[in-house]
Amino acid sequence: MERPGRLLLLSELRVRNSAYDVSLSRSLLTWKRRISSPVYHPFRPSVCHSVSVSEIISVREEEEENICKRRDDGSWKKIKEREGKDCRQAFTVLYVERCPQHRWRCAEVTFTCSEAALCQRWVNSIREQLSAITSRPKQLLVYINPYSGKRQGKRIYEQKVAPLFAQAGVSTHVIATEHADYARDHLRTEAELKKFDGVVCVGGDGMFSEIIHGLIWRTQIDGGVDPNCADEALLPCSLRIGIIPAGSTDCICFATVGTNDPVTSALHIIVGDSQPMDVCSVHHNNIFLRYSVSLLGYGFYGDVLTDSERKRWMGPARYDLSGVKMFLTHHYYEGAVSYLPARGIMGTPRDAARCRSGCVVCQHNGKQLSEKAERYEMDEASESESEGEWRTIRGKFLAINAASMSCACPRSPKGLSPAAHLSDGTTDLILVRKCSRFDFLRHLLRHTSKDDQFDLNFVEVHRVRRFCFTPRHCQSDSDLDLRENGKHQIFSQICRDHPACGCAPAYSSWNCDGEILTHTAIDVRVQSNLIRLFARGIEEPTVFEDLTSPCAI
Ligand SMILES: Nc1ncnc2c1ncn2[C@@H]1O[C@H](COP(=O)(O)OP(=O)(O)OP(=O)(O)O)[C@@H](O)[C@H]1O
Ligand SMILES: CCCCCCCCCCCCC/C=C/[C@@H](O)[C@H](CO)NC(=O)CCCCC
Ligand SMILES: [Ca+2]
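Quick summary incoming for the structure in this document. A quick note: this is a predicted structure, and the numbers were derived from the prediction, not measured.

Thresholds applied
Residues numbered from 1 in each chain as written. Chains lettered and ligands numbered in written order. Predicted model: local features only at pLDDT ≥ 70, side-chain atom pairs only at ≥ 80, totals over all residues. Heavy atoms only, no water. Helix = DSSP H or I, 4+ residues; strand = E, 2+ residues; numbered from the N terminus. Contact = heavy atoms within 4.5 Å. Areas by Shrake-Rupley, 256 points an atom, 1.4 Å probe, with all protein chains shown as cover. Donors = N, O, S within 2.8 Å, 3.2 Å for Na, K, Ca; no water. Buried < 20%, exposed > 50% of the residue type's maximum accessible area, 1.4 Å probe, protein only. Near = heavy atom within 4 Å. Polar contact = N/O pair within 3.5 Å; in protein donor to acceptor, adjacent residues only side chain to side chain. Nonpolar A, V, L, I, M, F, W, Y, C, P; charged D, E, K, R; others polar. Domains from an automatic or database assignment. Salt bridge = Lys/Arg side-chain N within 4 Å of Asp/Glu carboxyl O. Core = buried A, V, L, I, M, F, W, Y, C linked by side-chain atoms within 4.5 Å. Axes fitted to C-alpha atoms, helices over the stretch in contact; angles between N-to-C directions. Phe/Tyr/Trp six-rings, centres within 6.5 Å; stacked < 30°, edge-to-face > 60°. Lys NZ or Arg CZ within 6 Å of the ring centre and 35° of its normal.

Another point: the overall build of the chain. Check the secondary structure of the chain and you find 13 helices and 24 strands. Residue pairs in contact within the chain that sit at least 24 positions apart in sequence constitute 74% of those at least 6 positions apart. Within the structure as shown, the chain displays about 25,400 Å² of accessible surface, and the carbon and sulfur contribution to it stands at 50%.

Next up, the structure:
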């Protein structure tokens, strides 16, 4: 528990009908029931509550309240408040309260003071402390996708989020998107970003992807960096991004906050949390294709996505149906995966430890990467010296997945790579070789249980900084034109090994954070800490136990 530090205020105030010693320091607001309270019960323990100042949402003077006033003899009598601001004698503090499963709620406590001047001092002092927190956003640019998930984005924002922003004094400029890529293009070219402290997206992973594409692109253009050049170091985005989950998978929100709950996300935005995140840049022949923060999946997850796009009308259930269909189809794909193992880092994909709030692995690896970048600039070391040795694996794969974070989501609470890290500068490359349907089912089912999905002889996992994939029968430019002009023609292509059988497609597609890529041969680099979210990573329950629940003394 945080130490209170020097007290700014200490008063006897009332909460409901009991007297409390209430104190405020720069870090904590504490209220502790007085033993001398008239309603003190000898068998009831005195209760002490503490709230970190950084988790106070706002303080409000009460308009009309039945308040208690202290008589000359020391007892308290109920009186009716007089009209007018000067005689307000009660104030309410709104603060973050932690609930099970990483959910946050806005709780409140009303304090009644013996006189109006004291009440004013309390309100002013708390407001002063809050305004000293520079990390809190004041102006937000909000994009709502009205068609996300079950089409509830607008309702969720208006009913659950906007009232919280208003209470916390956060101003917003809200834009409902009119079509796909509306938010991306607005951010790239039009949005007056200097006016805002952050961008909020109300929607799913696809909407988040639009936001990062707009912001990253704009940051590079404004900073004179060519986003098409695969070798250029990209500039990190200065604006933080908030996600109000309203989509089908919400895996970015789930893996960075621990839940897909709109109120929890709104509170993380209000308190000004910051979580850096790795982003993979995906190129083909030095042409930029897309960025990815969660999953890059070829084979199974690419095919599930391709199939599910035709079932958009079904809503989130489309993934389940396409998942079962693609599992039964059991296609495998041939190709070569080359990768640069992440060397000299802390952590492996098989660790039992998870990336959590204040993760030491992310901090350690991030520090090492920035030191390495400085050395590289000074020594101009050759690429091979600084990056290590490439390794290549050829074969037949049911799935090739790169998970830059755990990809935990309600479908798989531990995710595709449970030990992956949000900001360690690496991605976990998971290769699932051709195996029987039964074995593949065992692997898939382990995503939903405690069993290790990598502990199977047809699965391997490597923590990497960069990788390339080349399908066995590398496509010519005319093949690519064919794919781009008619995406579904790919499935009419004939298995190259058995031209006569027509049984299976030679190529799958890449699922890039839920978007289909138009090329199969890709070159992927992890760009460390390119973006920041209004989040803090998933909290361990032990970190906050003392702070939130009332502590019996
Ligand atoms: N106004 C709009 N009309 C149609 N599509 C839109 C609109 N705004 C955004 N989109 C697109 O809708 C797609 C899905 O959005 P979103 O991620 O918010 O919802 P979702 O239901 O979770 O979908 P997914 O599972 O594909 O991520 C995104 O790719 C986005 O580009
Ligand atoms: C037969 C029983 C099988 C049980 C297997 C469960 C395995 C679930 C793993 C879930 C991994 C989700 C990865 C997230 C990817 C997101 O970037 C992307 C965009 O939202 N979602 C999908 O592509 C949607 C992908 C949905 C896949 C099902
Ligand atoms: Ca990572």
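Back to the write-up after that little detour.
Next up on the list: the coordination of the calcium ion (ligand 3). The protein atoms that coordinate the calcium ion (ligand 3) are Asp278 (OD), Ser404 (O), His421 (O), Asp424 (OD) and Thr426 (O), at distances spanning 2.3 to 2.7 Å. Positions of the donor residues of the calcium ion (ligand 3), expressed as sequence spacing, correspond to D-x125-S-x16-H-x2-D-x1-T. Residue Ser404 is found in the loop between strand S18 (391–403) and strand S19 (427–433), and its partner Asp424 is found in the loop between S18 and S19; the two are separated by 20 residues along the sequence. Given the relative accessible area of 2%, Ser404 is considered buried.

Turning our attention to the site of ligand 2. Neighbouring ligand 2 are 16 residues, the closest being Asp205, Thr249, Ser294, Asn511 and Asp513. At 3.2 Å, a side-chain N or O of Thr249 approaches an oxygen atom of ligand 2. In the environment of ligand 2, an oxygen atom lies 2.8 Å from a nitrogen or oxygen atom belonging to the side chain of Asn511. Here ligand 2, which alone exposes 700 Å², has 87% of that area covered by the protein. Each residue belonging to the shell around ligand 2 can be placed in one class, and the counts come to eight nonpolar, six polar and two charged. Counting contributing residues per domain, the shell around ligand 2 is built from domain 2 (136–274 + 534–540) and domain 3 (280–373 + 387–476 + 487–526), each supplying no fewer than three.

Within the structure shown, the criterion is met by 29 salt bridges. A salt bridge links Arg525 to Asp231, with the shortest nitrogen-to-oxygen separation between them at 2.7 Å. Of this pair, Arg525 sits in strand S23 (residues 522–533) while Asp231 sits in the loop between helix H4 (205–222) and strand S13 (240–245), placing them 294 residues apart in sequence. For Arg525, a relative accessible area of 12% corresponds to the buried category.

This brings us to the site of ligand 1. Neighbouring ligand 1 are 22 residues, the closest being Ser148, Gly149, Glu210, Ser248 and Tyr319. Contacts to ligand 1 include His179, whose backbone N or O atom sits 3.3 Å from a nitrogen atom. Here an oxygen atom of ligand 1 and a side-chain polar atom of Arg318 are 3.3 Å apart. When isolated, ligand 1 has an accessible area of 620 Å², and the protein chains bury 88% of it.

Next up on the list: the nonpolar core. Judged by nonpolar contacts, the single largest core of 69 residues is most densely connected at Tyr143, Leu187, Phe208, Ile252, Phe300, Ile531 and Leu533. Shared between two domains, this core takes at least three residues from each, and those domains are domain 2 (136–274 + 534–540) and domain 3 (280–373 + 387–476 + 487–526). Among residues more than four places away in sequence, those in contact with Ile252 are Asp205, Phe208, Ile243, Met277, Val293, Ser294, Met405 and Leu533.

Another aspect to go through is helix H3 (residues 182–190). Within H3, the full set of buried residues consists of Ala183, Arg184, His186 and Leu187. On its buried face, H3 is in contact with strand S10 (139–144), strand S11 (171–176), strand S12 (198–203) and H4.

What follows is about the packing of helix H8 (residues 317–329) against helix H11 (residues 437–445). Between H8 and H11, the shortest axis-to-axis distance is 10 Å and the interhelical angle comes to 145 degrees. Across from Phe327, Leu328 and Thr329 in H8, the residues of H11 making contact are Arg437, Phe440, Leu441 and Leu444. Among the residues making up the contact of H8 with H11, the classes are represented as five nonpolar, one polar and one charged.

Across all of its chains, the model carries 15 aromatic pairs by this definition. Look at Phe300 and Phe440: their rings are 5.3 Å apart centre to centre, the planes differ by 85 degrees, and that puts the pair in the edge-to-face class. Placement of the pair is Phe300 in helix H7 (residues 300–309) and Phe440 in helix H11, with a sequence separation of 140 residues. Residues Phe300 and Phe440 agree in their burial class; the two are buried. Judged by centre distance (6.3 Å) and plane angle (20 degrees), the ring pair of Phe327 and Phe440 falls under stacked. Taken as a pair, Phe327 in helix H8 and Phe440 in helix H11 lie far apart in primary sequence, 113 residues in all. The same class applies to Phe327 and to Phe440, which are both buried. An aromatic cluster is present here, built from Trp31, Phe91, Tyr95, Phe111 and Trp122 joined pairwise through their rings. Over the face of the ring belonging to Tyr319 we find Arg318, whose NZ or CZ atom lies 4.5 Å from the ring centre.

Glancing now at helix H6 (residues 262–270). When you tally the buried positions in H6, you get nine out of nine residues, the bulk of the element. A positive phi of about 75 degrees marks Gly272, the residue just after H6.

Structurally, the position occupied by His283 is in strand S14 (residues 275–284). Taking the C-alpha atoms as reference points, His283 and Ala521, separated by 238 residues in sequence, lie 8.8 Å from one another. Sequence-distant contacts of His283, defined by excluding residues within four places in its chain, comprise Pro227, Asn228, Cys229, Ala230, Phe288, Leu289, Ala521, Ile522 and Asp523. In terms of polar contacts, His283 uses its side chain to reach the backbone carbonyl oxygen of Asn228, at 3.2 Å.

Remember that the coordinates give geometry; whether it matters functionally is a separate question.
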